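Descriptive analysis of the structure
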Amino acid sequence: MSVLIHVGVRASDLSESIRFWRDGLGLRVAGERGIRYDLTDGYHNFAVFQHQGDDRPEHIGGMLDYLHIGVGVPDVAAAARRLRDMGYTIFSDGLGGKTPLDPDNLEQPAFKVEDPDGITIDVSEVTTMWPGTTIHPNQTAQPEG
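Residues numbered from 1 in each chain as written. Predicted model: local features only at pLDDT ≥ 70, side-chain atom pairs only at ≥ 80, totals over all residues. Heavy atoms only, no water.

Looking at an unreviewed UniProt entry, the protein chain carries the name VOC family protein, with the source organism given as Caldilineaceae bacterium SB0675_bin_29.

Have a look at this one:
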């Protein structure tokens, strides 16, 4: 059986993207190599590269996006408040589009937020939501080694 070990994205502003993923969502920096950061949850590698090509077109957001990333957190309300305080909009989406959410009054243990390049991040503390995954409620990133 294959194992998912690595996902990578190219960031328009590497430092802002690292701030989002590290400070906002709590991924740990496992390494830095110039224009690349390797982040981890203790199980998977998430590489963020500085985009160095031509100007990028605006990202297609909402229900029209081509990509979204799911992240599990131990306390969804705390993550939502932290990201809001960092200047990000917390929302839910559906056929009607984005609906802003109040991080202080979340009705569900999940929300969406866009990273600095407009990639939708599906943040959840539900541990049984995604078929094929096993995440225990108290699971946290483990140090390598």
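Anyway, onward from the coordinates.
**A closer look at the nonpolar core**
Defined as follows: Only buried Ala, Val, Leu, Ile, Met, Phe, Trp, Tyr and Cys residues count toward a nonpolar core, and they belong to the same one when joined by side-chain atoms within 4.5 Å. The classification of residues rests on relative accessible area computed with a 1.4 Å probe and restricted to protein chains. Under 20% of the type maximum is buried, over 50% is exposed, and intermediate values are partly exposed. Secondary structure elements are taken from DSSP: a helix is a run of H or I of four residues or more, a strand is a run of E of two residues or more, and numbering for both begins at the N terminus. Contacts are assigned to residue pairs that have any heavy atoms within 4.5 Å of one another.
By size, the foremost hydrophobic cluster in this structure holds 27 residues, and its most contacted members are Trp-21, Val-48, Leu-83, Phe-111, Val-113 and Ile-121. Secondary structure elements with two or more residues in this core: β1 (6–11), α1 (14–24), β3 (36–40), β4 (45–50), β5 (68–72), α2 (76–85), β8 (110–114) and β9 (120–124). Residues in contact with Val-48, not counting those within four places in the same chain, are Val-9, Ala-11, Leu-14, Ser-17, Ile-18, Trp-21, Ile-35, Arg-36, Tyr-37 and Leu-39.

**Quick notes on the packing of aromatic side chains**
Stated precisely, the cut-off is as follows: Any two of the Phe, Tyr and Trp rings considered here, Trp counted by its six-membered ring, make a pair once their centres fall within 6.5 Å; the pair's planes then place it as stacked at under 30 degrees, edge-to-face at over 60, or tilted in between. Charges are assigned to positions over rings by a cutoff of 6 Å between ring centre and Lys NZ or Arg CZ, combined with an angular limit of 35 degrees from the ring normal.
Tallying each qualifying case throughout the model produces three aromatic pairs. Pairing Phe-20 with Trp-21 gives two aromatic rings, centres 5.2 Å apart and planes at 85°, and the pair type is edge-to-face. Seen from their ring centres, Trp-21 and Phe-46 are 4.5 Å apart, and the 50° between their planes marks the pair as tilted. Of this pair, Trp-21 sits in helix α1 while Phe-46 is found in strand β4, placing the two residues 25 residues apart along the sequence. Just as Trp-21 is buried, Phe-46 falls in that class too. By the ring-pair criterion, three or more aromatic residues cluster together here, those being Phe-20, Trp-21, Phe-46 and Tyr-88. Directly above the aromatic system of Phe-49 lies the positively charged group of Arg-10, at a separation of 4.9 Å from the ring centroid. Sitting above the plane of the Phe-91 ring, Lys-98 keeps its charged end 5.0 Å from the centroid.

**A few points about the confidence of the model for the protein chain**
Here is the rule we go by: Across the chain, each position has a pLDDT score giving the predictor's confidence in that residue, from 0 to 100.
Here the protein chain averages 85 in pLDDT, and 81% of its residues register 70 or above. Below pLDDT 50 for its whole length, residues 141–145 participates in 10 contacts with residues either more than four positions away or in separate chains.

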